[in-house]
Amino acid sequence: MDKTPPLLGNQLPADVGDFSAHIATDDHKTKFVMRYAHGKSVLDMGCVQHNPENYKSKFWLHKALCGVSTDLVGIDLYRDGVEYLRTLGYNIQVADVQNFDLGRTFEVIVACDLIEHLENFDGFLECCKRHLAPGGRLLISTPNPWYWRNFLKAALSREVANNPEHTCWLCVRTLRQLVRRHGMDIGEVVFGSRYLRDRLMPLPRGWKHTSFHAEIFCVNG
Amino acid sequence: MNENEIVTKWNNRLRGTRIVVRDDQLIRECVGKKVLHLGCTDSPFTQEKLDNGTALHPKLESVASQIVGVDIDSSALATLGSLCKKTDLICCDIESPILLDKLSGREFDVVVCADVIEHLNNPGAMLGNLVKAMQPGSKLIITTINALAIKLVLRALFAREAVHPDHVAYYSFATLKHLCERFGISVEDEIKTFLYPFNNRFLTAVQPPFYRLFPNVADGIIVTATRL
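Residues numbered from 1 in each chain as written. Chains lettered and ligands numbered in written order. Predicted model: local features only at pLDDT ≥ 70, side-chain atom pairs only at ≥ 80, totals over all residues.

Asks: Can you help me understand the confidence of the model for chain A in this one?
Replies: Low pLDDT marks regions whose predicted coordinates should not be analysed in detail. With 93% of its residues at a pLDDT of 70 or more, chain A shows a mean pLDDT of 90. Throughout residues 1–7 of chain A the model reports pLDDT below 50, and contacts reaching past four residues in sequence, or to other chains, amount to nine contacts. (pLDDT = per-residue confidence, 0-100. Contact = placed C-beta atoms within 7 Å.)

Structural data, given as structure tokens:
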């Protein structure tokens, strides 16, 4: 690419309500990622999570990964955010996840709430493959397009809230078809929502949860 | 700002959505225009659609002043070429920079990208090519499956998904708008939705009044954009 996409999401302020010294280990996304990252070398992609102030949040995934991985590297396109977090001692580099080379491999690559921001799935998945150690796992989280509130808003209020930086939606099937084009496949899939009201809702998982998480592996090891 | 306020800020008002017939709308946009039609063969259904009269390309060819068709399937292009004699057919991957060489020296008023984007590994590469091939003021019309279509949602309720085996993503108005804007293509606020053919007579009969009330959850969306 000969252009850098605008990072509209960086204008989003951090949610001070989530600031805490603790890590939300019961959060669906944190729990899923920590299970795979425990005792492994990990690459955390898009780790700034829009606003570097999010390092204070109990949901900041990179902080959770620091506690369980043996070796953690973060990358993000948001230069100011990366520089700020580096001053705090985090091992984070500026890189475009669609085109990067760190010259090494990782046992786990984490790409949470990232793929829906991209315009080049091809470059992203090839970079992930190149950086995955044999037997390694790529963990992808993305919003569930059929989350009940998205649908109701589209049908009734004619408004749909989605992050202004999102470029697409993926369901489990389309994600599977996408990764299979690159010699990979999906293993475990977990749906989850941070909101109690969603988790208690008597609806199937494909409707009631805000996101899903997929474990992806290379078919040839 | 708390999470609710952030989500409110992210709301995208879908203004004046109305339901249309996809092919009729595309034909209206192409009358008397110089047209570039991406994915023009409807492969792998080329012969079938040509036989039953549902292929889009011959309809566009009949109204456009000049038309260029691009597709990656060379055998489907040969099939289409036997019928569409006015079209300049090009065999090329629309994500490849080679497309620009093949289109150099040509000008287009309208670029039609009908039900193609959901097949692409690299939609950004296609848009990057198009923005270079289009002149300021040229129109880009993208049609695709609506990520928020009620039929998809209802299938999800019963733990089912009917997905074309070559589709790798879904798009909604907001995501397409942002994707286009990354490449300097401005999307009109007014959007249109449409229905795909349906094999159930009862549901086909009850669909129109329902979708007149709830056009935003129809099967497909049509987004019109202009190169700035």
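Having seen the model, we can carry on.
Asks: Would you explain helix α2 (residues 22–30) of chain B in this entry?
Replies: The periodicity of an α-helix, 3.6 residues per turn, causes residues three or four places apart in sequence to face the same way. Residue and element names in this part refer to chain B. Among the residues making up α2, those that are buried are Arg22, Leu26 and Cys30. Along the axis of α2, the buried positions cluster into a sector of 60 degrees, meaning they face one direction only. Exposed and facing more than 90 degrees away from the buried side of α2 are Asp24 and Arg28. Turning to α2, the residues buried within the fold contact β3 (34–38), α4 (56–63), β6 (110–114), β7 (139–145), β9 (192–194) and β10 (220–227). Just downstream of α2 lies Gly32, where phi reads positive at about 70 degrees. (Buried ≥ 20, exposed ≤ 12 C-beta atoms within 10 Å, placed from the backbone. Helix = DSSP H or I, 4+ residues; strand = E, 2+ residues; numbered from the N terminus. Arc of directions from axis to C-beta.)

Asks: Teacher, can you tell me more about helix α6 (residues 172–180) of chain A here?
Replies: Among all positions of α6(A), only A:Thr174, A:Leu175, A:Gln177, A:Leu178 and A:Val179 are buried. On its buried side, α6(A) packs onto α4 (121–131), β5 (132–143), β7 (184–192) and β8 (211–218) of chain A.

Asks: What's the story with the packing of α2(B) against α4(B) in this structure? I'm lost.
Replies: Describing two packed helices takes the angle between their axes plus the distance from one axis to the other. All names here are of chain B. Look at α2 against α4: their axes get within 9 Å of each other, and the N-to-C directions meet at 30 degrees. One element, α2, and the other, α4, form an angle in the roughly parallel class. Crossing geometry of α2 relative to α4 is assigned as right-handed. Facing α2, whose interface residues are Asp23, Leu26, Ile27 and Cys30, α4 presents Leu56, Lys59, Leu60 and Val63. For the contact of α2 with α4, the per-class residue count stands at six nonpolar, no polar and two charged. (Axes fitted to C-alpha atoms, helices over the stretch in contact; angles between N-to-C directions. Parallel < 35°, antiparallel > 145°, perpendicular 65-115°, else oblique. Left-handed = near helix turned anticlockwise from the far one by under 90°. Nonpolar A, V, L, I, M, F, W, Y, C, P; charged D, E, K, R; others polar.)

Asks: What is the right way to read the nonpolar core from this model?
Replies: Soluble, globular proteins show a tendency: their nonpolar side chains are buried together. Counting residues in hydrophobic clusters, the biggest one holds 123 residues, and the most contacted among them are A:Ile109, A:Val110, B:Val111 and B:Val112. Of all the elements, strand β4 (residues 106–112) of chain A adds the most residues to this core, at six residues. The residues touching A:Ile109, leaving out its near neighbours within four places in the chain, are A:Leu43, A:Met45, A:Cys128, A:His131, A:Leu132, A:Gly136 and A:Leu138. (Core = buried A, V, L, I, M, F, W, Y, C linked by C-beta atoms within 7 Å.)

Asks: Hey, could you run me through the environment of A:Gly123 in this one?
Replies: With respect to the element layout, A:Gly123 can be found in helix α4. In this structure A:Gly123 comes out as buried when scored by C-beta crowding, with 20 C-beta atoms within 10 Å. The spacing of A:Gly123 and A:Phe100 is 23 residues in sequence and 8.9 Å in space, taken between C-alpha atoms. Those residues in contact with A:Gly123 that sit more than four places away from it in its chain are A:Gln98, A:Asn99 and B:Asn122.

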